[in-house]
Amino acid sequence: MKKLLIRIVHIFFLVLKTYGGTEKIINGVLVIEDTATIETWYRPDIKANCQIALDKDTVYDILGEPENINKRNQILKFKVKRHVGGA
């Protein structure tokens, strides 16, 4: 039985800053995760369970809850991690 995947696509403008990723040590090995910070206009539909796709091969998962800067409903800022692999 195959699962049906429904994607709702919204187009919006954003500023993506990668800063070269995030360094972590896992089992004594230095690993660089592909992370970035996104800043965009406030959108109430962007939640922690959403994904951001720059194109069909570059999909980012939101880490944590997006921050509504100064609670003014103008700017939204959040950290993302690139979704890599199919496992």
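Bear in mind that the values here come from a model prediction, so they are computed numbers and not experimental data. The residue numbers shown here count from 1 along each chain, following its written sequence. Totals for whole chains, interfaces and linings use all residues, but because this is a predicted model, local features are given only for residues with pLDDT of at least 70 and pairs of side-chain atoms are given and counted only at 80 or more. Only hydrogens and water are set aside when side-chain values are computed; all heavy atoms of the structure are taken into account.

## Quick look at the environment of K17
1) Next: Secondary structure is summarised from DSSP: a helix means a run of H or I of at least four residues, a strand means a run of E of at least two, and numbering begins at the N terminus for each. Mapped onto the elements, K17 comes out in strand β1 (residues 14–17).
2) Next: Here the alpha-carbon distance between K17 and T37, two residues 20 residues apart in the chain, equals 5.3 Å.
3) Next: With residues near it in sequence (within four places) discarded, K17 still touches A36 and T37. Whether two residues are in contact is decided by their heavy atoms, any of which lying within 4.5 Å being enough.

## As for the layout of surface pockets
1) Next: Quantified by volume, the largest pocket comes out at close to 580 Å³.
2) Next: Think of a 1 Å grid over just the protein atoms. A cavity is a set of points where a 1.4 Å probe fits yet cannot get out, a pocket is an open set with protein on both sides within 12 Å along at least five of seven lines, and lining residues have an atom within 4 Å of a point. In terms of lining, the largest pocket is formed by 17 residues, of which the most central are I8, V9, H10, Q51 and A53.
3) Next: Counting residues per element, the lining of the largest pocket draws most heavily on strand β5 (residues 51–55), which supplies four residues.
4) Next: Of the residues that constitute the lining of the largest pocket, the class distribution is eleven nonpolar, three polar and three charged. Grid points are joined across faces, edges and corners, and a volume is the space filled by probe spheres set on the points. Only Asp, Glu, Lys and Arg are considered charged, only Ala, Val, Leu, Ile, Met, Phe, Trp, Tyr, Cys and Pro nonpolar, and every remaining residue, Gly among them, polar.

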